[in-house]
Amino acid sequence: MSAEPRINDRIRVPEVRLVGPSGEQVGIVPLAKALELAQEYDLDLVEVAATARPPVCKLMDYGKFKYESAMKAREARKNQAHTVIKEMKLRPKIDPHDYDTKKGHVVRFLKQGDKVKITIMFRGREQSRPELGFRLLQRLAEDVQDLGFVESNPKQDGRNMIMVLGPHKKKTEAMAEARQAQEARKAEAKANPGKSQNAAESDEDVEIDDVVEDAEAPAEASADA
């Protein structure tokens, strides 16, 4: 069964409760009279409450109504906030450069309003030193405390230790700020045509994999085993 309302000649009832184009109540009128009024106003007769007795119909521009409804639905989907959990994987003996890189990814995720699951992966003899992973997680939480908080405290999960960081900023706020920043960059690029190419490139969304792991040489992994 079609979800579209019946309009004009597809309405098959002897009389309708008519609502005018400005929302005014016209009252119960014969269907033929309602269709005649629709033609006079150059509008459509749209059945808006089919289960009422008699059915309620309204005079409107149905094409415009459908277009505006589609735009509202599109805007609602655009502003809809989805809870996303990113994951970052680290080794307990990560070197300073790799740590700074991974921390940068965590900062990006939190700024976007996403939660971040931090996983410390223990290999070989590292499993006997869980305090190394715990200290690393504490350090990371302190380094990003302006952007996020510890939502789930560190806990051991087999060979891994896991902690979840939650963002201070709501997803909807982060999305709104991102759109404002993008619009500002576009406006600046338009005002400075010579920089338009660079601005366009900076506007492109750079996707980061949800799971980022440390690159370990096979030789080192086998030595730990």
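Higher on the page you've got the structure.
For clarity, every value in this text was computed on a predicted model and none was experimentally measured.

Colleague: Is there a simple way to think about the nonpolar core in this case?
Modeller: As a rule of thumb, nonpolar side chains are buried together in soluble globular proteins. Met 88, Leu 90, Val 106, Val 116, Ile 118, Ile 120 and Leu 165 are the most contacted members of the largest nonpolar core, which has 19 residues in total. Of all the secondary-structure elements, those providing two or more residues to this core are strand E5 (85–90), helix H3 (96–111), strand E6 (115–121), helix H4 (130–143) and strand E8 (160–167). When sequence neighbours within four positions are dropped, the list of residues in contact with Leu 165 reads Val 106, Leu 110, Lys 115, Val 116, Ile 118, Ala 141, Val 144, Phe 149, Val 150 and Glu 151. Listed in part, the 12 residues of the second largest apolar core include Ile 11, Leu 31, Cys 57 and Leu 59.

Colleague: Would you mind going over the packing of H3 against H4 with me for this structure?
Modeller: The packing of two helices is summarised by the inter-axis angle and the distance between the axes. At a minimum axis separation of 11 Å, H3 and H4 run at an interaxial angle of 50°. The angle between H3 and H4 falls in the class oblique. Crossing hand, H3 versus H4: right-handed. Packed against H3, whose contacting residues are Tyr 99, Lys 103 and Val 106, the element H4 presents Leu 136, Arg 139, Leu 140 and Asp 143 at the interface.

Colleague: It is not clear to me how the pairing of E8 should be interpreted in this structure. Could you clarify?
Modeller: Strand residues, when the strand is regular, have side chains that alternate between the two faces of the sheet. Burial analysis of E8 places seven of its eight residues in the buried class, which makes it a mostly covered element. Two elements, E6 and E8, share six bridges in a ladder whose sense is antiparallel. When the sheet's bridge partners are listed, Ile 120 is paired in E8 with Met 161. The pairing of strand E7 (residues 148–157) with E8 spans seven bridges and is antiparallel. Each bridged residue has a counterpart across the sheet, and for Ser 152 the counterpart in E8 is Val 164.

Colleague: In this structure, what is going on with the packing of aromatic side chains? I would like to understand it.
Modeller: Each aromatic ring pair is characterised by the separation of its centres together with the angle its planes make. Inspection of the entire model under this criterion finds one aromatic pair. Summarising the aromatic geometry, the rings of Tyr 62 and Phe 65 are spaced 6.2 Å apart at their centres and angled 25° between planes, so their arrangement reads as stacked. Pair noted here: Tyr 62 and Phe 65 are both in helix H2 (residues 62–79), with a separation of three residues, about one helical turn. Overall, the relative accessible area of 9% leaves Tyr 62 in the buried class. Sitting above the plane of the Tyr 99 ring, Arg 139 keeps its charged end 3.8 Å from the centroid.

How each quantity is defined
- Residues numbered from 1 in each chain as written.
- Predicted model: local features only at pLDDT ≥ 70, side-chain atom pairs only at ≥ 80, totals over all residues.
- Heavy atoms only, no water.
- Core = buried A, V, L, I, M, F, W, Y, C linked by side-chain atoms within 4.5 Å.
- Buried < 20%, exposed > 50% of the residue type's maximum accessible area, 1.4 Å probe, protein only.
- Helix = DSSP H or I, 4+ residues; strand = E, 2+ residues; numbered from the N terminus.
- Contact = heavy atoms within 4.5 Å.
- Axes fitted to C-alpha atoms, helices over the stretch in contact; angles between N-to-C directions.
- Parallel < 35°, antiparallel > 145°, perpendicular 65-115°, else oblique.
- Left-handed = near helix turned anticlockwise from the far one by under 90°.
- Pairing = 2+ DSSP bridges.
- Phe/Tyr/Trp six-rings, centres within 6.5 Å; stacked < 30°, edge-to-face > 60°.
- Lys NZ or Arg CZ within 6 Å of the ring centre and 35° of its normal.

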